[in-house]
Every structure is written in structure tokens, then in C-alpha cells.
Amino acid sequence: MHRCQRDDPEVNECLRYAGNKLTQHLREGGIPEIGITDVEPVVVDEISIALGSGPDGYRASFKNIEAFGVSNLTFVNIRSDIDTLQFQMTLEIPRIKAKAQYKSSGVLLLLQASGSGEYWGEYEGVKAKVYMKTSPYQGDDGFTYLNVDQAKMDFSVKDIKMGVENISNSNAILHAAMNLFINTNAQELLKEMKPQLRTKLTEHLHNFMQVLFDRIPLEYWLE
């Protein structure tokens, strides 16, 4: 760990450097010394969307979502309150690739769009803002550790490509129509997914940071 000084006027820049050094280790195979070896893929169990109302409204669910590329994140800015152990972070990820099992029902573009298959997505230019509030506790070894009391995040994506493949109960026309609709309305579809996706990713972030903070004493971060 790169250690920072609490009273350093450039402590935020130091924390940004330390965060990027840590993520470099995660990308290169994890940190086996503390039991973290596999950081990808990030797995989300399920999210769903609904477009339109009534019995013919389009519904889709995405299960067993696997996302790759998250570990390529870069801390571009960190703001901290060392006294209260609160942190605001801005992150950038060049590209995230995702795949999932897909199931839909209802009418899409005047076509019956019920079926199931495989979903894929490429998300470029991902930016995220993260807020964490932590509190200290003393471990049995005499070191100080952090507990994640609260975590929040929001994100945006510059460019999106998405599609579905191997759809059951479909023909070439429906397949082409669905992929045209998905890519034409990619940002709108992401907007529909976002509340659930943000909740799931915040849970992942909270749990992952808690593992880090439980295994790396605060004294290794700050002195």
C-alpha cells in the first residue's frame, strides 16, 4: 500500500495515487496476501425493464449478468474529510463488456417479442461518482480498521452497443427488429435499467470495500 499523511495538504491527491496503485494490483491478479484473487467478472443476479402498459406491454428480464472490464477503473478525483472518514470519488472505466441470459414478453415495434436468448452489451466511456461514509473500529491485533456505514453511487455511459442473440421462438425479421430497437434506444433502455442496476452495483461496491477495509488496517492507508 502507498501510505498517505493525514496532515498533508495534498492528501487527496495522495489517496488518488494510492487508489490507482491498489487497482493496478487488482488488475494484475488480485492481492492473494489478503485473500482477494478474482475481481472479475462482476456478477449481478437479475434486473428487469418494462416498456408500455397493459397486457401487451414489453417486458424483459436479464439474469446471471456478468460484467468484464470494471477493474480497469481509474480514480480521477478524490475528496476526503479525514476527521469524519468520508470520501467522494470520481472514477472512469474505458469499457465494460457484459453478457446475460435474456427473456422477454409483449409487443415491440408492432411485433410479438416473446422469447428468450442471450444478451450482450458494450459500454464505453463509463463515469461513476461514489460516496462512502466510514467509521473506525479496533481489531484484535491492535490496528484500526474501517466499517463502511454508507455507500452511494451514480454513473453515466457515453456510448452503448447492445444486442440479443439465439432468441427462441423468433425469426430473422423479429431478431433484426429487436436489435435495431435496442441499439436505437440504448440510452433509454439503460435509463430503465439504471435504478435496479445502481442498487445492485452499490451493494457490490459496499461489500467489496468492506472486505478491503476489514483486511487492510487504516494505518496502512493513513498515518
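See above for the structure.
As a starting point, this report considers the structure included with it. Residue numbers here run from 1 along each chain, matching the order of that chain's written sequence. Per-residue local features of the predicted model are confined to residues with pLDDT of at least 70, and side-chain atom pairs are confined, for both listing and counting, to 80 or more; whole-chain, interface and lining totals are unaffected and use all residues. Each side-chain value is worked out from all heavy atoms of the structure, with water and hydrogens disregarded.

### Considerations on a nonpolar patch on the surface
Which entries qualify depends on this criterion: Here a patch means residues that are over 30% exposed by relative accessible area and free of salt bridges, tied together within 9 Å if like-charged and within 5 Å if nonpolar (Val, Leu, Ile, Met, Phe, Trp, Tyr). Residue-level accessible areas treat just the shown protein chains as cover; the underlying method is Shrake-Rupley with a 1.4 Å probe. The salt bridge criterion pairs a side-chain nitrogen of Lys or Arg with a carboxyl oxygen of Asp or Glu, the two atoms within 4 Å. Secondary structure follows DSSP: runs of H or I at least 4 residues long count as helices, runs of E at least 2 residues long count as strands, and numbering of each begins at the N terminus. Partly exposed residues are those whose accessible area sits between 20% and 50% of the maximum for their type, while under 20% is buried and over 50% is exposed, using a 1.4 Å probe and protein chains only.
Side chains of Met 1, Phe 143 and Tyr 220 sit close together on the surface and give an oily, nonpolar patch of about 270 Å² of accessible area. For Met 1, the location among the structural elements is in the segment before α1 (11–27). Taking relative accessible area as the criterion, Met 1 reaches 42% and is therefore assigned partly exposed.

### Some details on the pattern of salt bridges
Opposite charge on two side chains permits them to pair, given that their charged atoms come into close proximity. Within this structure, the stated rule accounts for 7 salt bridges. Ionic pairing is found between Arg 3 and Glu 223, a salt bridge with its closest N-O pair at 3.3 Å. Linking Arg 3 in the segment before α1 with Glu 223 in the segment after α3 (186–215), this pair joins segments that are 220 residues apart in sequence. Judged by its relative accessible area of 43%, Glu 223 is partly exposed. When the shortest N-O distance is used, the salt bridge between Glu 13 and Arg 16 registers 2.6 Å. Of the two residues, Glu 13 and Arg 16 both sit in helix α1, 3 residues apart, roughly one turn of that helix. The exposure class assigned to Arg 16 is partly exposed, which follows from its relative accessible area of 23%. Connected through shared salt-bridge partners, Asp 154, Lys 194 and Arg 198 make up one network.

### Points about the side chain of Ser 71
For clarity, the threshold we go by: We call two residues in contact whenever any of their non-hydrogen atoms come within 4.5 Å of each other.
Checked against the element boundaries, Ser 71 lands in the loop between β2 (58–68) and β3 (74–81). Not counting chain neighbours up to four residues away, the residues in contact with Ser 71 comprise Thr 23, Arg 27, Val 39 and Glu 40.

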